[in-house]
There are 2 protein chains.
Amino acid sequence: MQAGREFLMKETDLDNGHGTVKERILKEALYLFSERGFEGTSLQSIADAVGIQKPSLIYHFPSKEDLRRHVLESLVAYWKNELPRILTPADSSSDRLVSTMTSLINFFVEDLNRARLVVRELLDRPEETFALLSEQFSPWTRLIGDYLRMGQQSGLYRKDVAPELFIVQVLVMVIGTVAIGGATSGLVSTESYTPRGLLIKELVRIVQASLYSEQP
Amino acid sequence: MQAGREFLMKETDLDNGHGTVKERILKEALYLFSERGFEGTSLQSIADAVGIQKPSLIYHFPSKEDLRRHVLESLVAYWKNELPRILTPADSSSDRLVSTMTSLINFFVEDLNRARLVVRELLDRPEETFALLSEQFSPWTRLIGDYLRMGQQSGLYRKDVAPELFIVQVLVMVIGTVAIGGATSGLVSTESYTPRGLLIKELVRIVQASLYSEQP
DNA sequence: CCTACCGATCGGTAGG
DNA sequence: CCTACCGATCGGTAGG
């Protein structure tokens, strides 16, 4: 049952500085799924990128669908850890809303594949992704919504902000900007992609201008 | 050469109230490409949706790639006609920027597949789509940019708006909201998709609040 | 617009 | 983790 298993493994199965084979599969799958889409990515191409044979890949993840779920779960897991940390800050002086958005932006800018993958999931499996977001994150967004309402009462935030809708829009704007902002900037430039930083800066301006009350 | 061609056609080749076969292929392809992606859509599935055989489809569009280009071109053609009409209005009293955004929103809300398809193109072929947007629309967005700058000088618009970046962000927000807003609303709701109208309304609020100067 | 067909590639299995 | 293999489906062609 377990005897001889080591015999079947190759050196690549060990951590060789690029992570375990399983980790490398997840990394290459994230990259390829986000770049070419789930349907546009063959198991063969993932195996090639990792440097193994296709059946070896299936040894680690029994099916393509199983691999997809694990890739997605690695993103979900990050935020299930991060949100409690961000939303219960030691210093209450900073604006939780802005710091959450900053974390959101950093997360997606750090690896553009993440934003592309999430957008693709929302397009390919809207109901399923809706359910996942709802199950995993709606308690946290409810908290943010309450926080926003408190800020409205204190006069910090505009009264015309619709808390829940605003939160959804911020996510749409952030992942939209990271995932398709570069290519969309063809609208205004003949040269090359507008630097991501500039788009993000204008995005932050838009969010803040539509959130904070004016203090003349 | 041309003799006998009619003999080969079936009645479905004529306009039977649902449009010509070619139009129906384009319509079903737009739907399926937007719903499942280009790679996720087989020619067989399109042929089935239209009610013809696969080789008949290839008679109308010599390759899948050719079909994709024609589907995309139908969207581009619409805006090449529409933009001149919107941006040279008879009554100059209305805000061209807002009326353009309204047209944009109406266009994508009218058929959600359009927004999904554009987002998929931006993800699947970023460089190509960048070039297409640049070639087809950058003169028009330049015009809108100039108009925006004039409004800034007259005090109508905020001085901190970055005209070109703002235009790109508005497009990202509009197509993002229409394409993935519904599924993203899982963040704040356990029930069902947030009505699209509410998301659009908050989007318009955000755009206006971040565009117009305050007039207290 | 259809029937008949093709080579290539797909996700996945058997078995070691 | 690999070799050998499988049925199904892919985009596309020949020919009428």
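These numbers were taken from a predicted model, which means no experiment stands behind them. (Residues numbered from 1 in each chain as written. Chains lettered and ligands numbered in written order. Predicted model: local features only at pLDDT ≥ 70, side-chain atom pairs only at ≥ 80, totals over all residues. Heavy atoms only, no water.)

Trainee: Can you tell me about the interface of chain A and chain B, naming the residues and giving the values?
Mentor: Many analyses report the size of an interface as the accessible area lost when the parts associate. Residue-level contacts link 60 residues of chain A with 60 residues of chain B. In terms of surface lost to chain B, no three residues of chain A exceed Leu123, Phe130 and Leu187 of chain A, which account for 15% of the buried area on that side. For aspartate 124 of chain B, the salt bridge goes to arginine 120 of chain A, with nearest N and O atoms at 2.7 Å. Counting only elements with at least two residues in the side of chain A that touches chain B, the list comes to α2 (21-36), α7 (112-124), α8 (126-153), α9 (163-184) and α10 (196-211) of chain A. At 18 residues, the largest contribution of residues to the side of chain A that touches chain B is made by α9 of chain A. Residues that form the side of chain A that touches chain B fall into these classes: 28 nonpolar, 17 polar and 15 charged. (Contact = heavy atoms within 4.5 Å. Buried area = accessible area lost by both parts, 1.4 Å probe. Salt bridge = Lys/Arg side-chain N within 4 Å of Asp/Glu carboxyl O. Helix = DSSP H or I, 4+ residues; strand = E, 2+ residues; numbered from the N terminus. Nonpolar A, V, L, I, M, F, W, Y, C, P; charged D, E, K, R; others polar.)

Trainee: Quick one: what's the story with the packing of helix α6 (residues 96-110) of chain A against α10 of chain A, residue by residue and with numbers?
Mentor: Residue and element names in this part refer to chain A. Two elements in contact, α6 and α10, have axes separated by 12 Å at closest approach and are oriented at 160°. As judged from the angle between their axes, α6 and α10 are roughly antiparallel. At the point where α6 passes α10, the crossing takes the right-handed sense. Along the contact surface, α6 presents Leu97, Val98, Met101, Ile105 and Val109, while α10 presents Ile200, Val204, Val207, Gln208 and Leu211. Residue classes in the contact of α6 with α10 are distributed as nine nonpolar, one polar and no charged. (Axes fitted to C-alpha atoms, helices over the stretch in contact; angles between N-to-C directions. Parallel < 35°, antiparallel > 145°, perpendicular 65-115°, else oblique. Left-handed = near helix turned anticlockwise from the far one by under 90°.)

Trainee: So what about the side chain of asparagine 113 of chain B? Which residues, and what values?
Mentor: Residue and element names in this part refer to chain B. Along the polypeptide, asparagine 113 turns up in helix α7 (residues 112-124). The buried category is assigned to asparagine 113, whose relative accessible area is 11%. Among the polar contacts listed, one links the side chain of asparagine 113 to the side chain of serine 34, at a separation of 3.1 Å. For asparagine 113, the residues in contact, after removing those within four places along its chain, are Leu30, Tyr31, Ser34 and Glu35. (Buried < 20%, exposed > 50% of the residue type's maximum accessible area, 1.4 Å probe, protein only. Polar contact = N/O pair within 3.5 Å; in protein donor to acceptor, adjacent residues only side chain to side chain.)

Trainee: Report on the nonpolar core, specifying residues and quantitative values.
Mentor: Membership of the largest hydrophobic core comes to 124 residues, with the highest contact counts inside it found for Ile46 and Leu67 of chain A together with Ile46 and Leu67 of chain B. Leaving out residues up to four positions away in the same chain, leucine 67 of chain A has contacts with Ile25, Leu26, Ala29, Phe33, Leu43, Ile46, Leu57 and Phe61 of chain A. (Core = buried A, V, L, I, M, F, W, Y, C linked by side-chain atoms within 4.5 Å.)

Trainee: An account of the environment of phenylalanine 166 of chain B is needed here, citing residue identities and associated values.
Mentor: With respect to the helices, strands and loops of the structure, phenylalanine 166 of chain B is situated in helix α9 (residues 163-184). Judged by relative accessible area, which is 1%, phenylalanine 166 of chain B ranks as buried. For phenylalanine 166 of chain B and leucine 83 of chain B, which are 83 residues apart along the polypeptide, the C-alpha to C-alpha distance reads 18 Å. Excluding residues within four positions of it along the chain, phenylalanine 166 of chain B makes contact with Glu202, Arg205 and Ile206 of chain A together with Leu97, Leu148, Val161, Val207, Ser210 and Leu211 of chain B.

Trainee: So, the relation of the copies chain A and chain B: which residues are in play, and what are the values?
Mentor: When chain A is fitted to chain B, the best match, at an RMSD of 0.0 Å, comes from turning it 180° and sliding it 0.0 Å along the axis. Taken together, the rotation and translation relating the two chain copies correspond to the operation of a two-fold axis. (Least-squares fit on C-alpha atoms with pLDDT ≥ 70 in both.)

Trainee: Residue-level account of the packing of aromatic side chains, with values.
Mentor: Inspection of the entire model under this criterion finds 14 aromatic pairs over all chains. The interplanar angle of 45° and the centroid separation of 5.1 Å between the aromatic rings of phenylalanine 130 of chain A and tyrosine 193 of chain B together place this pair among those described as tilted. Taken together, the positions of phenylalanine 130 of chain A in helix α8 and tyrosine 193 of chain B in the loop between α9 and α10 (196-211) put the pair across two chains. Look at phenylalanine 130 of chain A and you get buried, because its relative accessible area is 6%. Judged by its relative accessible area of 31%, tyrosine 193 of chain B falls in the partly exposed class. Members of the aromatic cluster, connected to one another through ring pairs, are Tyr78, Trp79, Phe107 and Phe108 of chain A. (Phe/Tyr/Trp six-rings, centres within 6.5 Å; stacked < 30°, edge-to-face > 60°.)

Trainee: Outline the pattern of salt bridges, supporting the account with residue identities and numerical values.
Mentor: Oppositely charged side chains may form a pair once their charged atoms are brought near each other. Under the criterion given, the structure shown has 30 salt bridges over all chains. Of the charged contacts, one joins aspartate 160 of chain A and arginine 205 of chain B as a salt bridge, the two residues approaching to 3.3 Å between their closest N and O atoms. One end of the pair, aspartate 160 of chain A, is in the loop between α8 and α9; the other, arginine 205 of chain B, is in helix α10, on a second chain. One salt-bridge network, held together by shared partners, links Glu65, Arg68, Arg69, Glu121, Arg125 and Glu128 of chain A.

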